[in-house]
Amino acid sequence: MSLAPREQVDFLVLGGGVAGLSFALEAAAHGSVLVLTKKGRSEGSTQYAQGGIASVLGPDDDFDRHIEDTLVAGAGLCHRDAVEVTVREGPERIRWLLSLGVEFDREEGHLHLTREGGHSRRRVAHAKDTTGREVERALLAACDARGIRIVEDQLAIDLVTSAKLGLSGPPRCLGAYVLDRASGDVSTVVAAATVLATGGGGKVYLYTSNPDVATGDGVAMAWRAGAPVANMEFFQFHPTCLFHPAAGSFLISEALRGEGGILRNKAGEAFMVRYDPRKELAPRDVVARSIDAEVKRRGDDCAFLDMTHLPKAFLLDHFPHIYATCREFGIDMAAQPIPVVPAAHYQCGGVVTDLHGATSLPRLFAVGEVSCTGLHGANRLASNSLLEGLVFGRRAALVARELLDGGRLVAPDVPPWNPGNALAPDEGVVVTHNWEEVRRTMWNYVGIVRTTKRLERARSRLRTLRSEIREYYWQYKVTPDLVELRNLADMAMLVIESALRRKESRGLHYTLDYPDADDAQLRDTVLTRSDAE
Ligand code: FAD
Ligand code: SIN
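Residues numbered from 1 in each chain as written. Chains lettered and ligands numbered in written order. Predicted model: local features only at pLDDT ≥ 70, side-chain atom pairs only at ≥ 80, totals over all residues. Heavy atoms only, no water.

Trainee: For this particular structure, what's the right way to read the pattern of salt bridges?
Mentor: If charged atoms from side chains of opposite charge come close, those side chains can pair. Scanning all chains against the criterion turns up 42 salt bridges. Among the salt bridges present, the one from R274 reaches E269, with a minimum N-O distance of 3.7 Å. Overall, E269 belongs to the partly exposed group, its relative accessible area being 40%. Of the charged contacts in the structure, one is a salt bridge between R506 and E504, with a shortest N-O distance of 2.9 Å. Residue R506 shares its accessibility class with E504, and that shared class is buried. Each of the salt bridges in this network shares a partner with another, and the network as a whole consists of D158, R224, R466, R486 and D490. (Salt bridge = Lys/Arg side-chain N within 4 Å of Asp/Glu carboxyl O. Buried < 20%, exposed > 50% of the residue type's maximum accessible area, 1.4 Å probe, protein only.)

Below is the structure:
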């Protein structure tokens, strides 16, 4: 299935993960929905989520505890209203997933709840260690059952805005230009409401747990369209990705530490006790920095997560996917500690929204990892992001339906995509070289521990790279790789600029030049196009 050169719908949803599909399922009752995914329909971070979904579900838990844990992890920057909304609406969203047929693990008739770092209670509902796959399966099945149109291999290039078209009246988003990966054709999709549900941008770093589609397209598109973007300096590094040359950055779920996993150095010492009294269950930023420090202190190349004190049957039952994947790489986690290193995992910042996912550009919404709702502050609490996608996907649809003007969208004439005099690309090496350089620069200079000097070095590299990419972009026909590279470079620049503006250490942003938190800077870092060209 492909798109017509011009499409018109009520709701255009860019992204088919937990956030986009939650929006689509709610909005479908009110108007026509078109969901676009840039590769296969299920390919996105949601599909790979392991640990589960945090919510108040256990008899010993309550909303105040989940709110407090989220606020503590967020290190002073969470917006309390966003936290309250997310936590309080969580149990109902889990019941909704159950009604769609999601098979969470159960124990004696109740949901089995696991525990992760920063949580004071067991509150993470999960389906073994492949929760995301199960959630995505059920959401896609529900979309199919309701006849929602999902078109794969469609890469949104840029948003169509009234300002770009020189239209009078209040600024607004009118839809998007979309590249068909197979044919290379660009369609114009006009919509009453456009929803960015494009996920995060972990690919901006050389080593990441994220799938290839996570190139920060939504943040880059929104920023270019003039929507404010916030808190991009807070990039979460997951403490434990499998350290193996052939494994990519396969995630070793935090739930393993929740069930008693011990971090050891190469000499076999359990080192977390030296870094934080909460040891392995400290929030992620603390654990990732501790591993980084321990590995650097000793000159090792990785740390180890030891599960060998737990029965093999327990490991096989709770973590079948992780067990099997480690086995593929010759590691039997029941018999030997798993070699692990931190890798870029989650973008806590994003496109600024209100409590209904609305951005400051009318008719443009952002939900899920692409957004900055205020929930995560300076550091996301584990397993709060699937929850955010579920809650805000639905909330955005409740407001977006009010844009339907009685059911009829009056769309101005949006001109088709103008390829200008663009030539067929003949310098593919520019794309591959710059792609690698952006990601390596970010890893080396804008990683877990930062300094102003390294950030400035990264900024200067990115200036050159972005100007080369811009030149190439306007000279040649757009290709998927080129579109993603341009987004990745914009995204990198937003992370660097935000990090340079925060002259303190807080949550995920740690700089040796300002090692302490400074409450005089207790505010979001908000960038608009004019701040960071
Ligand atoms: P995604 O699920 O990433 O979906 C993005 C969608 O946007 C995809 O369909 C993609 O094709 C589409 N897209 C992107 N760009 C474009 C474009 N230009 N045009 C068209 N479509 C586009 N969180 C938890 O809460 N619990 C966990 O246990 C957990 N485990 C994780 C494990 C891993 C390995 C990873 C990577 C993340 C994990 N997370 C977890 C984080 C969580 O999975 C993500 O934050 C969440 O799934 C994001 O959902 P989303 O709907 O915003 O985006
Ligand atoms: C994990 O399973 O460790 C990932 C959980 C998350 O990212 O929230």
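Trainee: Any chance you could explain the packing of aromatic side chains here in plain terms?
Mentor: Describing an aromatic ring pair means giving the distance of the ring centres and the angle of the ring planes. This model, assessed by the stated rule, comprises 10 aromatic pairs. With a centroid separation of 5.2 Å and an interplanar angle of 70 degrees, the aromatic rings of Y205 and F235 are classed as edge-to-face. Placement of the pair is Y205 in the loop between β11 (186–196) and α7 (217–224) and F235 in strand β13 (residues 235–242), with a sequence separation of 30 residues. Judged by its relative accessible area of 1%, F235 is buried. The interplanar angle of 40 degrees and the centroid separation of 4.5 Å between the aromatic rings of Y472 and Y476 together place this pair among those described as tilted. For the residue pair Y472 and Y476, the accessibility class agrees, reading buried in each case. (Phe/Tyr/Trp six-rings, centres within 6.5 Å; stacked < 30°, edge-to-face > 60°. Helix = DSSP H or I, 4+ residues; strand = E, 2+ residues; numbered from the N terminus.)

Trainee: Looking at this structure, I do not really get the site of ligand 1. What am I missing?
Mentor: Close contacts around ligand 1 come from 36 residues, with T46, G52, D217, E369 and S385 the closest. Measuring from an oxygen atom of ligand 1, one finds a side-chain N or O atom of T46 at 2.5 Å. Here a nitrogen atom of ligand 1 sits 2.8 Å away from a polar atom, N or O, in the side chain of D217. Contributing elements (two or more residues each) for the shell around ligand 1: α1 (18–27), α2 (45–48), β9 (154–161), β16 (338–347) and α12 (385–400). Tallied by class, the residues present in the shell around ligand 1 amount to 11 nonpolar, 20 polar and 5 charged. (Near = heavy atom within 4 Å. Polar contact = N/O pair within 3.5 Å; in protein donor to acceptor, adjacent residues only side chain to side chain. Nonpolar A, V, L, I, M, F, W, Y, C, P; charged D, E, K, R; others polar.)

Trainee: When you look at the pairing of strand β2 (residues 33–36) in this model, what are you seeing that I'm missing?
Mentor: On a regular strand, one side chain projects to one face of the sheet and the next to the other, so that they alternate. Neither face of β2 is left uncovered, since the one carrying V33 and V35 and the one carrying L34 and L36 both have all their residues buried. The pairing of strand β1 (residues 6–14) with β2 spans 4 bridges and is classified as parallel. Residue pairing across strands places L14 opposite L36, the latter belonging to β2. Chirality of the crossover, the property in question, places the unit of β1, α1 and β2 among those that are right-handed. Sheet topology places β2 next to strand β8 (residues 149–151); 3 bridges connect them, and they run parallel. Pairing of L36 across the sheet is with V151, part of β8. (Pairing = 2+ DSSP bridges. Right-handed = clockwise from strand over helix to strand, strands pointing away.)

Trainee: In this structure, what is going on with the site of ligand 2? I would like to understand it.
Mentor: Lining the immediate surroundings of ligand 2 are Q50, G51, H238, L251, S253, E254, R284, H345, R380, A382 and S383. In the environment of ligand 2, an oxygen atom lies 2.9 Å from a nitrogen or oxygen atom belonging to the backbone of G51. Separating an oxygen atom of ligand 2 from a side-chain N or O atom of H345 is a distance of 2.7 Å. Protein coverage of the free-state accessible area of ligand 2, which is 260 Å², stands at 92%. (Areas by Shrake-Rupley, 256 points an atom, 1.4 Å probe, with all protein chains shown as cover.)

Trainee: Would you mind showing me how to read the side chain of N265 here?
Mentor: Here N265 lies in the loop between β14 (262–264) and α9 (284–298). Given the relative accessible area of 3%, N265 is considered buried. Within polar-contact distance, the side chain of N265 engages the backbone nitrogen of A267 at 3.0 Å. At 2.9 Å, the side chain of N265 and the side chain of E294 are in polar contact. Sequence-distant contacts of N265, defined by excluding residues within four places in its chain, comprise F271, R274, E294, R297, R298 and F304. (Contact = heavy atoms within 4.5 Å.)

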